Structures are given as C-alpha cells and as structure tokens.
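Chain by chain, the residues run as shown.
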Amino acid sequence: METKSLSFFVGALSFLLCTTVAENGRVLKVTIFYESMCSDSMSFITDQLDPTFEKVGQYLKIDLVPYGNAEHKISKNGSYTFTCQHGPNECRFNKIHSCSLKYLSDDNQVVNFISCLMAVKNEDKVLEECAKKFNVDLQKINSCSSSHEGDVLLAANGDRTHSFKPKVSWVPTIVFNDKYNDDDQQLAETNLLQAVCKKLDPKPNECDMKISVVHV
C-alpha cells in the first residue's frame with residue numbers, strides 16, 4: 001500500500017514538474033528601453049505593446065526600463081541629478097514610471113497604466129484619470145517619485161541602460177530574452193505581435209489574430 005502511494009506521489013510530482021517546465025517554456029521576456037516623452041516610445045507602447053499584450057500577454061514577461069538617452073550623477077552626499085533628452089518633465093515622468101513598475105501588482109496593470117500615461121506627452125493631464133481607471137495607488141507612486149526612492153529607481157534604470165550591450169542608442173530598443181537582434185528590433189517596431197509569435201514555441205492560437213491599430 002505504501003509502495004503504491006509512493007509511486008502515485010512520484011508520478012504526480014513528475015507531471016506537475018513537466019507541466020511547469022512546459023508553461024515556463026512559453027513565457028517570452030520582452031525588455032523595452034524607452035523614454036516617457038519620446039514620440040517613438042509613445043507610439044510603440046500605445047500602438048504595439050498595449051494591443052499585443054491584450055492578445056498574448058499570458059505568454060509574456062514585460063520588462064520596462066524608462067530612462068533612454070538620459071544621464072545621471074551622484075554627489076558625495078548620495079543625492080542624484082538627472083538630465084533627460086526632453087527636459088526636466090521627462091525626468092519626472094520617468095521617475096513616475098520607475099515607481100509604478102515597483103509598486104504595481106502585475107504586468108497587466110503595468111501595461112495598462114503606462115500605456116494610458118503615454119497616450120499624451122503631458123502625463124500630468126491624465127495621471128489621475130489613468131490611476132483611477134486601473135486602480136493604481138497614486139499617492140504611493142507620487143510619494144516615491146518625489147523622493148530619494150524615485151531617484152534611486154531611475155538611476156538603477158540608467159545603470160541598466162548604460163551597461164546593456166550593444167549600446168542603447170535608440171528608443172524604444174526592444175529585446176527578447178535578454179538578447180538583442182537587429183532583425184527582431186525592426187520587426188517589433190512595426191509589428192510586435194508578429195515578432196513575439198516568431199519567438200513563441202509552440203505558437204499559441206492567439207498568434208493567428210491580427211491587431212487593428214486605430215489612430216484617433
């Protein structure tokens with residue numbers, strides 16, 4: 001009786017492990033280096049990432065890195081100074097994004113909220129509206145982004161951006177499973193769904209669906 005129970009347990013455990021491996025094998029990590037006020041970044045997040053995630057998000061692990069063509073310095077007392085391509089507001093918005101990525105609960109909320117913010121260049125106009133729409137604790141985000149915590153998070157994104165190889169010289173830069181490829185980049189910029197589906201194996205049924213981008 002004990003032998004049969006043990007055999008059943010081992011068999012069940014093996015099944016669970018195999019199932020987990022199979023499911024994990026279909027998850028594709030998508031890293032996006034971007035800037036909050038860059039027009040190309042904005043259109044990619046709203047027109048490519050958002051609808052693609054809606055179709056095949058269950059197979060993706062989204063890794064957003066807001067920083068782009070910025071610079072930062074740290075003083076002897078530990079305080080940071082940032083210079084961003086599109087000015088001080090972009091630095092501030094990048095901090096809001098960095099804090100959001102820390103405190104939002106899952107990839108679905110991350111993609112929805114960040115995409116909502118990036119629908120317009122002046123994110124202040126939609127910040128409260130987007131937070132309410134996607135159940136985001138805006139007080140926590142604002143507290144983080146206006147404090148040393150936000151500086152540290154943005155600086156960490158800067159360190160990731162500057163240390164990535166090959167050098168991030170264009171935003172958005174799209175990377176699959178931590179490996180950059182020029183062909184992947186070019187396809188992802190205009191058809192992220194197709195680029196993602198080429199990487200997924202086995203290919204899910206959702207890959208047969210097409211994305212219709214509606215410009216308002």
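Thresholds applied
- Residues numbered from 1 in each chain as written.
- Predicted model: local features only at pLDDT ≥ 70, side-chain atom pairs only at ≥ 80, totals over all residues.
- Heavy atoms only, no water.
- UniProt positions renumbered as here; feature names shortened; annotations may be inferred.
- Helix = DSSP H or I, 4+ residues; strand = E, 2+ residues; numbered from the N terminus.
- Buried < 20%, exposed > 50% of the residue type's maximum accessible area, 1.4 Å probe, protein only.
- Contact = heavy atoms within 4.5 Å.
- Areas by Shrake-Rupley, 256 points an atom, 1.4 Å probe, with all protein chains shown as cover.
- Pairing = 2+ DSSP bridges.
- Axes fitted to C-alpha atoms, helices over the stretch in contact; angles between N-to-C directions.
- pLDDT = per-residue confidence, 0-100.
- Phe/Tyr/Trp six-rings, centres within 6.5 Å; stacked < 30°, edge-to-face > 60°.

For the record of the chain, the UniProt heading Sequence similarities (unreviewed entry) holds the text "Belongs to the GILT family." Heading Subcellular location (unreviewed entry) of the UniProt record for the chain holds this comment: "Secreted".

Participant: So, the overall build of the chain: which residues are in play, and what are the values?
Facilitator: When helices and strands are tallied, the chain shows 9 helices and 5 strands. Reading the helices (α) and strands (β) of the chain from amino to carboxyl end gives α-β-α-β-β-β-α-α-α-α-α-β-α-α. A buried classification covers 44% of the 216 residues belonging to the chain. Nonlocal contacts in the chain, meaning residues at least 24 apart in sequence, comprise 71% of its contacts between residues at least 6 apart. Total accessible area on the chain is roughly 12,400 Å²; 52% of this is exposed by carbon and sulfur atoms.

Participant: Now, about the sheet that holds strand E1 (residues 28–34): what can you tell me, with residues and values included?
Facilitator: Here we have 3 strands laid out as an open sheet, ordered E2-E1-E5, and mixed in their pairing. With partners counted over all chains shown, the strands left at the sheet margins are strand E2 (60–66) and strand E5 (173–176), one partner each. The average angle at which neighbouring strand axes cross in this sheet is 15°, direction not considered. Note: E1 against E5, 4 bridges, orientation antiparallel. The partner of valine 30 across the bridge, within E5, is phenylalanine 176. Against the sheet, helix H4 (residues 107–117) engages E1 and E2, with an angle of about 45° to E2. Across the sheet, helix H9 (residues 192–199) is in contact with E1, E2 and E5; its angle to E5 comes to roughly 20°.

Participant: Summarise the pairing of strand E4 (residues 80–83); cite the residues concerned and give the values.
Facilitator: Taken together, the 4 bridges between strand E3 (residues 71–74) and E4 define a ladder with antiparallel strand orientation. In the strand pairing of E4, histidine 72 is matched with phenylalanine 82. Counting the residues between successive antiparallel strands, the hairpin from E3 to E4 contains 5 residues, one of them, glycine 78, with a positive phi of roughly 90°.

Participant: Mind laying out the confidence of the model for the chain, listing which residues take part and the relevant values?
Facilitator: Taken over all residues, the pLDDT of the chain has a mean of 89, while the share at 70 or more is 85%. Contacts for the low-pLDDT stretch residues 1–24, under 50 throughout, to residues beyond four places or in other chains number 0 contacts. pLDDT under 50 marks residues 212–216. Its contacts with residues more than four places away, or in other chains, come to 2 contacts.

Participant: Break down the packing of aromatic side chains for me, with residues and values.
Facilitator: The full count for this structure, using the stated rule, is 2 aromatic pairs. Both rings, one in phenylalanine 33 and one in phenylalanine 164, keep their centres 5.1 Å apart while their planes meet at 50°; by these two values the pair is tilted. Note that phenylalanine 33 is positioned in strand E1 and phenylalanine 164 in the loop between helix H7 (148–163) and E5, a separation of 131 residues in sequence. The same class applies to phenylalanine 33 as to phenylalanine 164, namely buried.

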